[in-house]
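Per-entry structural report
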Amino acid sequence: MKKVILLLVMVLSSMFMTAQSDSKSKKLLDEVSAKMNTYQNIYVEFNYVLDNTKEKVHQETRGNATLKGDLYNVNFLGTNQLYDGKKVFTIIPEDEEVNISDADADDDNTLTPSKFFSFYKKGFTYTWDEVKNMNGRKIQFVKLMPIDSNSEIKNVLLGIDIKTKHIYNLIEKGKNSTVTTLTISKFKTNQPLSSKLFTFDEAKYKKEGYLINKL
């Protein structure tokens, strides 16, 4: 679950990056950023595929997420995780369990979009890559390469729809031969959101018999 949220936030927060390596990459990301900064909130549905031919692993699944500033609500693999700005709540209906953990803004392990804005500015170099026609859409790829030689990531390809200036997909290649692809299948902005979307109702889950773990 954490891996998917990392990737999803990468996709969405990549829209705000300022590239420092390649002028064409910088121009394109700046155009995407300018458009994305006009949105109050973002809702996406995504397809997630993990492949490792060496280990003969193939996994496909779907999920959805809503982001508003640093707040998020993600549904994936039967689990719902939300962040209210202070705590992270992981709700697991199958186990009737909720895990609650503090989110320290200064902790590198705290997942927030703004944290990734600065992380990827410092952690990667960027180069212009190939353009592909995918499902009738012209997708320009920008390759992100980690500066840290000890990173488990070999490279990341960020696909941008040239027409809409929206992120289409993200392909992460690991040094362990794992390739993870996250593709946005539905993208909506400025949706009317419930005031409770990023709020955890502890009393409700206790009433339903859930085990509440405060980590």
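Right, let's get into the overall build of the chain. Along the backbone of the chain there are four helices and 12 strands. Going through the 215 residues of the chain one by one, you find that 45% of them count as buried. The long-range fraction of contacts in the chain, counting pairs at least 24 apart against all pairs at least 6 apart in sequence, stands at 49%. When the accessible surface of the chain is summed, it comes to about 11700 Å², and 48% of that surface belongs to carbon and sulfur atoms.

With five of six residues buried, strand β5 (residues 87-92) lies mostly within the body of the structure. By the bridge criterion, four bridges tie strand β4 (residues 79-83) to β5 in an arrangement that is antiparallel. Looking at the pairing, L82 lines up with F89 of β5. The loop that links β4 with its antiparallel partner β5 comprises three residues; one of these, G85, has a positive phi angle of about 100°. Between β5 and strand β6 (residues 97-102), which pair antiparallel and follow one another directly, the connecting turn spans four residues, one of which, E96, has a positive phi of 50°.

For the rest of this paragraph, the subject is the sheet that holds β4. Strand-to-strand pairing in sheets goes through backbone hydrogen bonds, with the strands running parallel or antiparallel. Overall, mixed pairing links the 12 strands, which are arranged β7-β8-β9-β10-β11-β1-β2-β3-β4-β5-β6-β12 in an open sheet. In the strand order of this sheet, the two ends are held by β7 (124-134) and β12 (211-214), each with one partner. Strand-to-strand twist across the sheet, computed as the mean angle between neighbouring axes with direction ignored, equals 15°. For β5 and β6, the ladder comprises six bridges, and the chain directions are antiparallel. Looking across to β6, one finds that F89 is bridged to I100. Across the face of the sheet, helix α2 (residues 23-36) comes into contact with β1 (42-52), β7, β8 (137-146), β9 (153-161) and β11 (179-189) while running at roughly 75° to β7.

For the structure shown, the criterion picks out nine salt bridges. Residue E45 pairs with K186 through a salt bridge whose shortest N-O separation is 3.8 Å. On the criterion of sequence distance, the pair formed by E45 in strand β1 and K186 in strand β11 is long-range, its members being 141 residues apart. Given a relative accessible area of 36%, K186 falls into the partly exposed group. The shortest N-O distance in the salt bridge between E202 and K214 comes to 3.5 Å. In this pair, E202 sits in helix α4 (residues 202-207) while K214 sits in strand β12, placing the two residues 12 residues apart along the sequence. By relative accessible area, which is 60% here, K214 ends up exposed.

Across all of its chains, the model carries seven aromatic pairs by this definition. Three or more aromatic residues joined by ring pairs make a cluster, and in this case those are F89, F200, Y205 and Y210.

Below, the discussion takes up the confidence of the model for the chain. Keep in mind that low pLDDT regions are not for reading the predicted coordinates in detail. Put simply, the chain has an average pLDDT of 82, and 81% of its residues get 70 or more. Low confidence marks residues 15-20, where pLDDT is under 50. Its contacts with residues over four positions away, or in another chain, come to 26 contacts.

This paragraph deals with a negative patch on the surface. Where like charges cluster on the molecular surface, the negative patch consists of E94, D95, E96, D201 and E208. Tracing the chain through its elements places D95 in the loop between β5 and β6.

Rules behind the numbers
- Residues numbered from 1 in each chain as written.
- Predicted model: local features only at pLDDT ≥ 70, side-chain atom pairs only at ≥ 80, totals over all residues.
- Heavy atoms only, no water.
- Helix = DSSP H or I, 4+ residues; strand = E, 2+ residues; numbered from the N terminus.
- Buried < 20%, exposed > 50% of the residue type's maximum accessible area, 1.4 Å probe, protein only.
- Contact = heavy atoms within 4.5 Å.
- Areas by Shrake-Rupley, 256 points an atom, 1.4 Å probe, with all protein chains shown as cover.
- Pairing = 2+ DSSP bridges.
- Axes fitted to C-alpha atoms, helices over the stretch in contact; angles between N-to-C directions.
- Salt bridge = Lys/Arg side-chain N within 4 Å of Asp/Glu carboxyl O.
- Phe/Tyr/Trp six-rings, centres within 6.5 Å; stacked < 30°, edge-to-face > 60°.
- pLDDT = per-residue confidence, 0-100.
- Patch = residues over 30% accessible without salt bridge, like charges linked within 9 Å, V, L, I, M, F, W, Y side chains within 5 Å.
- Lys, Arg positive; Asp, Glu negative; His and termini not counted.
- Charge placed at Lys NZ, Arg CZ, Asp CG, Glu CD.

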